[in-house]
Each structure stands twice: as structure tokens, then as C-alpha cells.
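# What the coordinates show
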Amino acid sequence: MKQALALSLLAGTLAAQTATTKPLPPTVEAAENTVSADSIRGFDQFLADDLLEGRYPGQRGGELAAKFIATQFASYGLRPGGDNGTYFQQVDFTSVKSDPAKTTFTLVPKSGAPMPLRFAEDFVVFNSKLEPEAAIDAPIVWVGYGVTAPEYKWDDYKGVDVKGKVILCIVNDPPSDDPKFFGGKGMTYYGRWTYKFEHAAEMGAVGALIIHRTDLASYGWDVVRNSNTSEKTFLTQDKDPKLSAASWIQLDIAKKLFESAGTTLDAEFSAAAKPGFQARELPVSLKATVVSSVRHFQSPNVIGIYPGVLRTAQDQAVVYSAHYDHLGVKADAKPGEDAIFNGAADNGTGTAMLLEIARAVTSSKVLPPHSMVFAAVTAEEQGLLGSLYLAQHPPVPL
Ligand SMILES: [Zn+2]
């Protein structure tokens, strides 16, 4: 997204050059004409060099990228916008990774045999409370799509208490062809897995089981598995409610779960799609142990400010942003395999354009009316975490 923004900024200036309506001030046009493809290419080549080892936050390559960007900002005369008069806004992160050998999930029906599940094959889980170990033995509450949306008069949690329990829900929005109702064919935020987990935690649940169905999620189990068996990273200061077991289960497992509760997946899915769906506690519990390795690290957002001249706009700024981090080095690379995720396109290009915009603007003799904030943000690949921190700690009042 940041990259698209930078691209559209460049596209915008190109369009402005050819537009006949209002010519740019000559000084601005002169600065704009200094924007150089070679310069952008040069920045990107450095950022995506093997030497930077895929720019993983908190590791050497990521730190090198941050230092490089700060050095460029300094050379353009930007004012430091980070901590204690530096260009660096340090962000504290905590990562968790579930231990596949020690993490166990068993579905325990009131009648019938317990069903142990296989890690990565049947379920995946992460502990967003960042606890090294969590034990769960709690009833499962079926909440359909797991959505509370007053604007659509929809509440899947109505009439049930999920405090200390585990919710079970479907990914995506309740089905709709009406664009005014859950975005019609499109998906609203209520349909995303992040919302399901956030809302379950807000409602007091200790765990959540999202039923994976490829057509509803629009991606396969392999995507769910890969992104949930690797390390998950959070802002350390994040105070939002979290889950000890944020998990996904395969569709087949959900089928067996409903059968052990004396119902069927098809019946429950169609009931969940209708207004008036009633959530209920199932006669099945989840008994789980979630063991995680937890680690802490820091990585900076890099912020430079070009002060504006309008006195009335001293507390206003236009923010130009791109994420500079990438995926680092592949952990399980085979001998001889190219293990470095160079990230030239994602997002070396966006960062290079950000730098070039800053360079071109500061080479102009005209000062901008509003301040310009240049923010190269970190930990985008972990879920836009650097951006989130920047929005929570803006260098100018929001
Ligand atoms: Zn990216």
C-alpha cells in the first residue's frame, strides 16, 4: 500500500506536468525535474543487496537499512523526527512461535472418545498473549461468523457468555449479495481472521477456533499453516485484549467436532448465515497446551521532517511513508540455495522513491507550506506494526 502511495505520488507529478489546467510554480517544476530514475535504482540496488540480508527488523540487515535511510535524511537537511533528537523512533517488539512438539490440542466431547489433533495438519495456533506456556480446558461456544455489527443489526454473540471459554467460528462475512449488507460479495473487516481473534478476545474468550474453508478464506490451508507455524510478532506495548490460543482448524476437523456435538457442519453453517442465528455452547471442550518460545527485539522507524512555512499549519503535516523492512533470510534453506529474500520490489522500490522524493523536495528553493514528514517504517511484513506504532506515536499531533 505504501508502495502504491509512492507510485501514485510520482504518477501524480507526471500527470501534473502534462495537464494544461494549472502549471506548477517553476521552482517546483525544476525540483520535480531532478527526480531521477537512476537515483531511485541506486537506492533500491543498495537496499536489496545481499549485504543487507533481506532487511529483517532487529537484525543486522534491517539495522543497516535504517542507518542508510537516516544518513540520506541527514544529507538532505531533514530535521530528525525520532526519539531524543535522532531520526530513529525505536519500537519494542515481542515474537512468539508455537513449539510443535509440546503444543497439543484435544477435542473432548461430553460423550464419546477424545479427539487429539495434529499440529500443522489439523490445527495451527499462536498465543497472542505472548505467554511461554498456557493450559486451556474450556467449553467451546459456537458463534457462527463471530461478528458483532450494530450497523447491520447483527450480533453472533447475543445471549451467550464466552468469558473464559473458546469460541468456534467461520472465516469471512455472513453471505450477502447486497452491497449495503456486509459489503455484498466483497469482504468487510468483519470477515477477516484478525477481526475474529480481536473480537473473541474483547468478549473475554481465552481461545478461538476459526474453521478454515478454502473458498471462504480465498486461500488454502498451506497459507494458514505457513503463516501460523512461523514466528508471530506484536508490539510489546500492545494493550488490546489477546488470546492464549488463537487458532485455525481444518474443515474436516470442524465436521467431526459438530458430529460429536450431535449436529452437522452443513446445518450449522446454513443456520449461521441467517439473521436470528443463536450462538450456543456445544457439549465439547477444548483441552490444550500451548507452548511458545518468546523473544523481544527492537527495530526503528526512521523519520525525517521538512518544516513547512505556513504559520497556521505548524501542527499539520503531510506524511510520506514506505516500509523498508523485508523477510530476512530463509531459515531452512538447503545448501547452495539462495536464502536471502532481497525485497527489491517489496519494498526497496517504495523506500527508494521515498528517499528520492525527499531529495528532490529538499533540493528545491521553495519551502513547502505544510511540514512534510518522511517515515520509513519497520515491521510491515509482521502486520504493519511499524505503521501502527507511528500512528500511536506521531511526530506531529494527529
Ligand atoms: Zn511488504
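Please refer to the structure placed before this passage.
These figures come from a predicted structure and were not determined experimentally.

This part covers the pattern of salt bridges. Tallying each qualifying case throughout the model produces 13 salt bridges. Among the ionic pairs, Asp38 bridges to Arg41, the shortest N-O distance being 2.7 Å. Taken together, the residues span about one helical turn, with Asp38 and Arg41 both in helix H3 (residues 37-47) at a distance of 3 residues. Across the pair Glu268 and Arg280 runs a salt bridge, and its minimum N-O distance is 2.8 Å. Taken together, the positions of Glu268 in helix H9 (residues 265-272) and Arg280 in strand E13 (residues 280-306) put the pair 12 residues apart, joining distant regions of the chain.

The next subject is the packing of H3 against helix H10 (residues 344-363). At a minimum axis separation of 8 Å, H3 and H10 run at an interaxial angle of 135°. Taken as axis vectors, H3 and H10 run oblique relative to one another. Relative to H10, the crossing made by H3 is right-handed. Two secondary-structure elements touch here, H3 through Ser39, Ile40, Phe43, Asp44 and Leu47 and H10 through Ala344, Gly348, Thr349, Thr351, Ala352, Met353, Leu355, Glu356 and Arg359.

The zinc ion binds to the protein through His323 (NE2), Asp346 (OD), Glu380 (OE) and Glu381 (OE), with metal-donor distances spanning 2.1 to 2.6 Å. For the zinc ion, the 4 donor atoms in the first shell make angles of 78 to 156° at the metal, so the coordination geometry reads as irregular.

A few words on the pairing of strand E14 (residues 317-323). Bridge analysis of E14 against strand E15 (residues 371-377) gives 7 bridges, and the strand direction is parallel. Bridge assignment links Val319 to a residue of E15, and that residue is Val373.

The next subject is the environment of Val35. The topology assignment puts Val35 in the loop between helix H2 (26-32) and H3. By relative accessible area, which is 30% here, Val35 ends up partly exposed. Between the alpha carbons of Val35 and Arg359 there is a distance of 8.3 Å; along the sequence they are 324 residues apart.

Counted according to the given criterion, the structure contains 24 aromatic pairs. On the numbers, 6.2 Å between centres and 65° between planes, the contact of Phe43 with Phe68 is edge-to-face. Highlighted residues: Phe43 in helix H3 and Phe68 in helix H4 (residues 60-75), separated in sequence by 25 residues. Judged by centre distance (5.5 Å) and plane angle (85°), the ring pair of Phe119 and Phe123 falls under edge-to-face.

Basis of the calculations
Residues numbered from 1 in each chain as written. Predicted model: local features only at pLDDT ≥ 70, side-chain atom pairs only at ≥ 80, totals over all residues. Heavy atoms only, no water. Salt bridge = Lys/Arg side-chain N within 4 Å of Asp/Glu carboxyl O. Helix = DSSP H or I, 4+ residues; strand = E, 2+ residues; numbered from the N terminus. Axes fitted to C-alpha atoms, helices over the stretch in contact; angles between N-to-C directions. Parallel < 35°, antiparallel > 145°, perpendicular 65-115°, else oblique. Left-handed = near helix turned anticlockwise from the far one by under 90°. Contact = heavy atoms within 4.5 Å. Donors = N, O, S within 2.8 Å, 3.2 Å for Na, K, Ca; no water. Tetrahedral: all angles 85-135°; square planar, octahedral: opposite > 155°, others 65-115°. Pairing = 2+ DSSP bridges. Buried < 20%, exposed > 50% of the residue type's maximum accessible area, 1.4 Å probe, protein only. Phe/Tyr/Trp six-rings, centres within 6.5 Å; stacked < 30°, edge-to-face > 60°.

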